[in-house]
Amino acid sequence: GGAPDDDAVRQDFIDEDTDKDGKMSIEEWLAATFHDDPQSPMYGDGTPLQELTEEEKAEHRKIGEEEFAQFDADGDGKLTYQEVLDFVRKEEEEENRRHPDDPVPEGDIEESVKEMFKEMDMDSSGHVTLPEFLDVQYDIREGEGVLDDGGKKASTLNPTPPKAA
C-alpha cells in the first residue's frame, strides 16, 4: 500500500499547475519538487511514512540510485552542475517535442537547475554525491533502505561491509 489514489494525484496536479494550462511545465515541476514547505508525513492513503517496511525502503533507495545514475553521465558517482543541467535540458527537449507550443526559455532552465543543484549540494563541495541526492530527493539518510544480506555488499554507499564484532 501507500500509493495515492487517482483523486489525490489529480488534486496534486491541479494544485501544482500554477498557470492552470492543464500541463506541467519544468518550472512548475521544479517548484513542486524542490521547495522549502514542510512535507506531508503521510502518503495519499494516510499511511505514515515511518511505517515503510525495510523492503519498501530498499525499493525507494533502488529507485533513487537508478535516478542518480541517469544524471551521472560520466559514471564517477558524483553529479556536477553541468551533468544536472544537461539531464534537465534533455528532459525539457523531449517535453518540447510533445508540446512545442509551450517551450521553456533557456534562462529559466538554468536558473531552476542552479537552485536545485544548490539544494542537493548540501556540503557545498561543487558536486552532489549519492547520499546527498537520496537525502534531498528521497528523504533517505545514509544507511536507510539497505537490507542486511548476510554480510555481502549491502549498498553502493558502503561497498565493504563492516566486520562482525
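This structure is a prediction, so every number in the text was calculated from the model and none was measured.

Student: Please explain the overall build of the protein as it appears in this structure.
Tutor: Looking only at helices and strands, the protein features six helices and two strands. Here the protein holds 165 residues, and the buried ones make up 24% of them. Counted over contacts in the protein with a minimum sequence separation of 6, partners at least 24 positions apart contribute 53%. Entry remark: accessible area of the protein is about 10700 Å², with carbon and sulfur atoms responsible for 51%.

Student: Explain the side chain of D135 to me, please; I cannot follow it from the model alone.
Tutor: In this fold, D135 is placed in helix 6 (residues 130-138). In contact with D135, not counting residues within four places along its chain, are M122, I140 and R141.

Student: How should unusual backbone geometry be read in this particular structure?
Tutor: Note: most residues except glycine have negative phi, and most peptide bonds are trans. For K20, which is not a glycine, the phi torsion comes out positive at approximately 55 degrees. Within the fold, K20 resides in the loop between helix 1 (6-16) and helix 2 (26-33).

Student: Before we go on, may I ask you to explain the pattern of salt bridges in this structure?
Tutor: A side chain of one charge can pair with a side chain of the opposite charge if their charged atoms are brought near each other. If you walk through the whole model with that rule in mind, you get 11 salt bridges. With a closest N to O distance of 2.9 Å, D7 and R10 form a salt bridge. Within this pair, D7 and its partner R10 are both found in helix 1, separated by three residues, close to a single helical turn. With relative accessibility at 55%, the residue D7 sits in the exposed group. For R89, the salt bridge identified is with E106, shortest N-O distance 2.5 Å. Note that R89 is positioned in helix 4 (residues 81-98) and E106 in helix 5 (residues 106-120), a separation of 17 residues in sequence.

Student: Is there a simple way to think about helix 3 (residues 54-71) in this case?
Tutor: Quick reminder: α-helices carry 3.6 residues per turn. Residues three or four places apart thus point the same way. The terminal C-alpha atoms of helix 3, which comprises 18 residues, lie 26 Å apart, in line with the 26 Å expected from a rise of 1.5 Å per residue. Listed in full, the buried residues belonging to helix 3 are A58, R61, G64, F68 and F71. Along the axis of helix 3, the buried residues cluster in a sector spanning 130 degrees; they form a single face. Across helix 3 from its buried face, at more than 90 degrees, point the exposed residues E55 and Q70. On its buried side, helix 3 packs onto strand 1 (78-79), helix 4, strand 2 (128-129) and helix 6.

Student: When you look at the environment of E16 in this model, what are you seeing that I'm missing?
Tutor: Secondary-structure assignment places E16 in helix 1. For E16, a relative accessible area of 30% corresponds to the partly exposed category. With 16 residues separating them along the chain, E16 and A32 place their C-alpha atoms 6.1 Å apart. Apart from the residues within four sequence positions on either side, E16 is in contact with M24, E28 and A32.

Student: How should the packing of aromatic side chains be read in this particular structure?
Tutor: The final tally for this structure, using the stated rule, is five aromatic pairs. Each ring, one from F71 and one from F87, has its centre 4.1 Å from the other, and the planes form 35 degrees; the classification is tilted. With F71 in helix 3 and F87 in helix 4, this residue pair connects regions lying 16 residues apart in the sequence. Note on F71: relative accessible area 4%, which makes it buried. Taking relative accessible area as the criterion, F87 reaches 15% and is therefore assigned buried. Chaining the aromatic ring pairs together yields one cluster made of F68, F71, F87, F133 and Y138.

Basis of the calculations
- Residues numbered from 1 in each chain as written.
- Predicted model: local features only at pLDDT ≥ 70, side-chain atom pairs only at ≥ 80, totals over all residues.
- Heavy atoms only, no water.
- Helix = DSSP H or I, 4+ residues; strand = E, 2+ residues; numbered from the N terminus.
- Buried < 20%, exposed > 50% of the residue type's maximum accessible area, 1.4 Å probe, protein only.
- Contact = heavy atoms within 4.5 Å.
- Areas by Shrake-Rupley, 256 points an atom, 1.4 Å probe, with all protein chains shown as cover.
- Salt bridge = Lys/Arg side-chain N within 4 Å of Asp/Glu carboxyl O.
- Expected span 1.5 Å × (residues − 1).
- Arc of directions from axis to C-beta.
- Phe/Tyr/Trp six-rings, centres within 6.5 Å; stacked < 30°, edge-to-face > 60°.

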